[in-house]
Amino acid sequence: MSAIVGIDLGTTNSLVGVMEAGFPILLADGDGERLTPSVVHFPAESAPLVGRTAARMRAIDPENTICSAKRFIGRRVGEEADDVAYLLAGERGEPVMIRARGVNRTPEEIAAEVLKKLRADAERALGEPITRAVITVPAYFNDAQRNATKLAGELAGLTVERIVNEPTAAALAYGLDRLKERSKIAVFDLGGGTFDISILELSAGVFHVLSTNGNTRLGGDDIDAALVAHLAERIAGTQDAALRTRLREAAVEAKHRLSESEATTVEFPFVSGRESVSLSLTRLELERIAAPIVERTRAHCLRALADAKLTPADLDEIILVGGQTRMPLVRRLVAKIFGKEPNTSQNPDEAVAVGAVIQAGILSGAVQNVVLLDITPLSLGIETFGGLMSVIIPRNSTIPIKRGEMFTNAVSGQRSMLVRVLQGEREMARDNWELGKFDLEFEPAPKSQARVGVQFEIDANGILRVLARDTKTGRERTVEMTSAVDVSDEAVEKMLEDSLEHAFEDMNDRAFTEAKLKADEMLPAVRIALEQIGGELSAEEKQTIAARVVEVESTIATGAAQPLKKAVAALDEATQGLAALLVERAVKGR
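Residues numbered from 1 in each chain as written. Predicted model: local features only at pLDDT ≥ 70, side-chain atom pairs only at ≥ 80, totals over all residues. Heavy atoms only, no water.

**Thoughts on the packing of helix 7 (residues 283-308) against helix 8 (residues 328-338)**
Put simply, the rule reads: What counts as an axis is a line fitted to C-alpha atoms, over the stretch in contact for a helix, and the angles between N-to-C directions run from 0 to 180 degrees. Runs of E in the DSSP output that reach at least two residues are strands. Runs of H or I that reach at least four are helices, and both are numbered from the N terminus. Handedness of a crossing follows from how the near helix is turned relative to the far one, being left-handed for an anticlockwise turn of less than a right angle and right-handed for a clockwise one. Contacts were defined at the residue level, with two residues in contact if any of their heavy atoms lie within 4.5 Å. In this classification, the charged set is Asp, Glu, Lys and Arg, the nonpolar set is Ala, Val, Leu, Ile, Met, Phe, Trp, Tyr, Cys and Pro, and all remaining amino acids, among them Gly, are polar.
Here helix 7 crosses helix 8 at 35°, and the two axes come no closer than 9 Å. By crossing handedness, the relation of helix 7 to helix 8 is classed as right-handed. Counted together, R283, E287, A290, A291, V294, E295, T297, R298, C301, L302 and L305 of helix 7 and P328, L329, V330, R332, L333, K336, I337 and F338 of helix 8 form the full contact between these two elements. Broken down by class, the residue content of the contact of helix 7 with helix 8 amounts to 12 nonpolar, 1 polar and 6 charged.

**Examining the sheet that holds strand 21 (residues 388-393)**
To summarise the sheet geometry, strands pair through backbone hydrogen bonds and adopt either a parallel or an antiparallel arrangement. We apply this condition: Paired strands are those between which DSSP finds at least two bridges.
Strand order across the open sheet formed by 4 strands is 21-20-24-25, with antiparallel pairing between neighbours. With one partner strand each, in any of the chains shown, strand 21 and strand 25 (433-441) form the two edges of the open sheet. Averaged over all pairs of adjacent strands, the angle between their axes in this sheet comes to 30°, without regard to strand direction. Pairing of strand 20 (residues 380-384) with strand 21 involves 5 bridges; the strand directions are antiparallel. Note on strand 21: the bridge partner recorded for G381 is V391.

**Focus on the sheet that holds strand 8 (residues 87-89)**
Taken in spatial order, the 3 strands make up an open sheet running 8-9-10, and their pairing is antiparallel. Edge positions in the sheet fall to strand 8 and strand 10 (103-105), since each of these pairs with one other strand and no more. Within this sheet the neighbouring strands show an average axis-to-axis angle of 40°, counted without direction. Here strand 9 (residues 97-100) runs beside strand 10; their pairing, made up of 3 bridges, is antiparallel. By the bridge assignment, R99 is partnered in strand 10 with N104.

**Overview of the pattern of salt bridges**
Two side chains that carry opposite charge are able to pair once their charged atoms sit near each other. This is how the line gets drawn: Throughout this description, the term salt bridge denotes a Lys or Arg side-chain nitrogen within 4 Å of a carboxyl oxygen of Asp or Glu. Burial classes follow relative accessibility: with a 1.4 Å probe on protein chains only, a residue under 20% of its type's maximum area counts as buried, one over 50% as exposed, and anything between as partly exposed.
The final tally for this structure, using the stated rule, is 26 salt bridges. The closest approach of N and O atoms between D431 and R426, which form a salt bridge, is 3.6 Å. Given the relative accessible area of 24%, D431 is considered partly exposed. Given the relative accessible area of 10%, R426 is considered buried. K472 is the partner of E443 in a salt bridge, and the nearest nitrogen-oxygen pair spans 3.2 Å. Remark: K472 occurs in the loop between strand 27 (464-470) and strand 28 (476-480) and E443 occurs in the loop between strand 25 and strand 26 (452-458); sequence separation between them is 29 residues. K472 sits in the exposed class, given a relative accessible area of 67%. Salt bridges linked by common partners bring D29, E33, R52, K117 and D121 together as one network.

Structure (structure tokens):
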């Protein structure tokens, strides 16, 4: 059986490694470098260039040199970031395509080129074919993005054994050799293109994710773009794409130097054929530019703590992951948010890859007594009668997981049920996101007599499968949600914020809807019963029932939940005698 490699498929850089003699080893390429830039260049007539050779082409041919493609994986036109030198293609609402040399390619095809190089580097280093891999993704990647990442691995000739969240992988890298009783850690992962914050509990070899939050479109790339815009204001003629790319490279190098120095010089040679430009840049100036971007991580950290029901004082360690966490500004913010200095013992560029390798070792049996438990970040359920969201798997449930519920028909003679799969935290279906829908047919039955079981299963990669089965006939349908929520991560944040902001009105809407459903069921039943046996009631009883009916009908128009619940309860009490007569007549008629 071939080795299982661990791969950190990063926005900026990627790495590959394998377990050897019980230790995670990151493998170097032919030049002795472990970090492979996630860059692909498409020459006019030869095979694609990948890695450092491709990165060098960014300044020469930016339109045909693709970087940060991970930002577009699983996304659709209209929600993508625009600050790239290459062309994006596709119709609005369709998957994003990347255009180079007149050819449209998917982001996963670009990612596959990076994975092919990592696979080749691993095969050269190990001297054997590599066909199996564990690949990491940001914790907030949705179903579409995870599927696209898995497809990229398959396009590279790899069987993807597991998709692992990046912060969880980092926890493995930091915590494997120093587990103690019930330690709690925060993993702050700020990379080139994505940000994740996860709270984990480590106990007796079990890594349990308590909560996760983040933004798949927030990272060092945003700081780079802001810095480039700042420098471009001081240099005329930098609107040209090639010059802009050269300026970006110079800016990034300067940013890296300012993690160690208080001031540096940005060298920009031969601008439009003119003399070289040299600009001074201080760490204070850089931090002023970067502060609003870095500050955006604070809300995610606080939300993750709240979801885990912890305070900063409850945490034993704060782990930093991602190259951008080398920035002193980032480290100061993390210390301020969590009230303690972060752990910087691991190389932030390599921690995720080391964790991926350890996870590969767990799957292959090379690592014993470690269990990895991940979570799903948003609730999953279906729409039920009245437009309600019925949650089947609550957010922050440990995965893999399988849960189901039984549902029934809302209308007599109904021949099918529309299973509309939703994701979100709101009480009403209309306020959540639709992942997909399908019909399940069943035999016509009186109201509430049909029985349909709906089962949700999330596998270890976070991919959702939905099964619906008619219990009478055994007829069933299973659908894999190949596309989850194709929206920006800002919308994920807004979903959580809205669920808190609208909590009281959402609960009122749900309570009103449930009360109205009961009222809509009772009112026609009461009218029919009065027609059939109303003559057996006293005038006072009939008058009371009529008054309660009017009260229910008028209260429905107000849209207020509690008054309607009281009115329905009063009608229910007023019709107790009527119900008893109906039961008595039914017994006599047998």
